[in-house]
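A structural walkthrough
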Amino acid sequence: MQRRTFMNLSAGIGAAVALGPLATIEAQEHGANGRQSGREPVPYPDSAVEVVDPRFAKYRVNSAAVERLYTGTRWAEGPVWFGDGRYLLFSDIPNNRMLRWLEDTGEVSVFRSPSNYSNGNFRDRQGRLLTCEHDSRRVTRTEYDGTITVLADNYQGKKFNAPNDIVTHSDGAIWFTDPGYGIMSNYEGHKAAFELPTAVYRLDPKTRALAVVVDDLDKPNGLCFSPDEKLLYLVDTGVPKRPADPRPIYVYDVVDGLRLKNRRLFADMSPGSSDGIRCDVDGNVWSAAGWGPAEFNGVHVFAPDGKLIGKIHLPETCANLCFGGAKKDRLFMAASQSLYSLYVGTEGAQTP
């Protein structure tokens, strides 16, 4: 993104900030601003970063620890990195707001409130913010000047249930899931009846053509492309019908960037569940983890062959994650009431 473009985007973002800075985790715990982790010091290597398979060893930075950057959300979701501004945006769904964490100061402020109970966020190939909104049941794009464009809010005349997570393809198409969690209660939106089956959609932002690419999952949720975009990984967070059924992360072949085929099980997240997922440049899948035993919470890392190779243990259920930082080697984790980060020995595959 050109500097002039970024300056315009920053001006728009400034107009979107409805409230002043929030307390950092350091201020809450120690009464002063700073950039400490919010944890008691731990010996290196941090035991919260577990090597399950030797293949994960090169991704653990032995002199890096899990850092808690902020606490104060009710259900943190949808982290997205803006390298051109050195900040992270993330959703706090029940509080109906989006927050912004600044890398240089550690300050957290309100980016957008109300946010229409925003959930998943991503950036298009022009660097603009894409957002799934529960309450308005739509997908939006924040323009460089801060105005909001509605990209899609219905399929064949029926309102979406509650768009959840979102990614982009190099051809500019936007892929998003619609499991409907935002209308199942008043906590993350407003309770309402489902008008459509749960599904995954592909949106062409130029023609606004909308196509269903998956319609046979219970609760399609997190999704990401492999680095070469030949594969799409997709989480189903629906409740298994039988005790022996998996808590699946599926993988599909991507055909011409338009459709999917050959679904197979990539990983089983039992006894817990996945949520948001992202790939690194080596094709490993980094999956949010929770809803199981306490030791299950955090991030589970799977090699391209689907084998679990590493874990990052957190004291809270993790909902979603992304890579960021100047070198895309900092993993940001939106986990229940807090935001965490960890430097790792790889880079995220997302663009920009």
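Attention in this report is confined to the structure presented alongside it.

Conventions used here
Residues numbered from 1 in each chain as written. Predicted model: local features only at pLDDT ≥ 70, side-chain atom pairs only at ≥ 80, totals over all residues. Heavy atoms only, no water. Phe/Tyr/Trp six-rings, centres within 6.5 Å; stacked < 30°, edge-to-face > 60°. Helix = DSSP H or I, 4+ residues; strand = E, 2+ residues; numbered from the N terminus. Buried < 20%, exposed > 50% of the residue type's maximum accessible area, 1.4 Å probe, protein only. Lys NZ or Arg CZ within 6 Å of the ring centre and 35° of its normal. 1 Å grid on protein atoms, 1.4 Å probe; cavity = no way out; pocket = protein on both sides within 12 Å on 5 of 7 lines; lining within 4 Å. Points joined across faces, edges and corners; volume = space filled by probe spheres on them. Nonpolar A, V, L, I, M, F, W, Y, C, P; charged D, E, K, R; others polar. Pairing = 2+ DSSP bridges. Axes fitted to C-alpha atoms, helices over the stretch in contact; angles between N-to-C directions.

1. Quick notes on the packing of aromatic side chains
As enumerated under the stated definition, the model contains 15 aromatic pairs in all. Pairing Trp81 with Phe332 gives two aromatic rings, centres 5.5 Å apart and planes at 15°, and the pair type is stacked. Residue Trp81 is located in strand β4 (residues 76-82), and its partner Phe332 is located in strand β27 (residues 330-335); the two are separated by 251 residues in the primary sequence. Aromatic pair Phe266 and Phe302: ring centres 6.1 Å apart, planes at 70°, arrangement edge-to-face. You can see Phe266 sitting in strand β21 (residues 259-268) and its partner Phe302 sitting in strand β24 (residues 298-302), a full 36 residues away along the chain. Just as Phe266 is buried, Phe302 falls in that class too. Joined through ring pairs, the aromatic side chains of Phe56, Tyr59, Trp286 and Phe323 make up one cluster. In this structure, Arg263 packs its charged tip against the face of Tyr250, placed 4.4 Å from the ring centre.

2. So, the layout of surface pockets
Taken as a whole, the largest pocket spans an internal volume of roughly 420 Å³. As for the largest pocket, its lining consists of 22 residues, of which Trp75, Tyr181, Glu188, Asp275 and Trp291 are closest to the centre. Looking at the lining of the largest pocket residue by residue, the classes come out as 7 nonpolar, 9 polar and 6 charged.

3. Here we look at empty space enclosed by the protein
In the structure shown here, the tally under the stated rule is 1 cavity of 30 Å³ or more. The volume enclosed by the largest cavity comes to roughly 100 Å³. Contributing to the lining of the largest cavity are Pro79, Val80, Trp81, Phe122, Arg123, Arg278, Cys322, Phe323, Gln350, Thr351 and Pro352. Broken down by secondary-structure element, the contributors of at least two residues to the lining of the largest cavity are β4, β8 (118-123) and β26 (320-324). Counting residues per element, the lining of the largest cavity draws most heavily on β4, at 3 residues. For the lining of the largest cavity, a count of residues per class yields 7 nonpolar, 2 polar and 2 charged.

4. Topic: the sheet that holds strand β20 (residues 248-255)
Through backbone hydrogen bonds, the strands of a sheet pair up, either in parallel or in antiparallel fashion. Spatially, the 4 strands line up as an open sheet ordered β18-β19-β20-β21, and their pairing is antiparallel. Pairing within the sheet leaves two strands with one partner each, and these edge strands are β18 (220-225) and β21. Adjacent strand axes in the sheet meet at a mean angle of 25°, parallel and antiparallel pairs treated alike.

5. Regarding the sheet that holds strand β14 (residues 166-168)
With respect to topology, 4 strands assemble into an open sheet ordered β14-β15-β16-β17, the strand pairing being antiparallel. The open sheet has two edge strands with one neighbour each: β14 and β17 (210-214). Pairs of neighbouring strands in the sheet enclose a mean axial angle of 25°, with direction left out of account. In the sheet, β14 pairs with strand β15 (residues 174-178) via 3 bridges, with the strands oriented antiparallel. Bridged to Val167 within β15 is Trp175.

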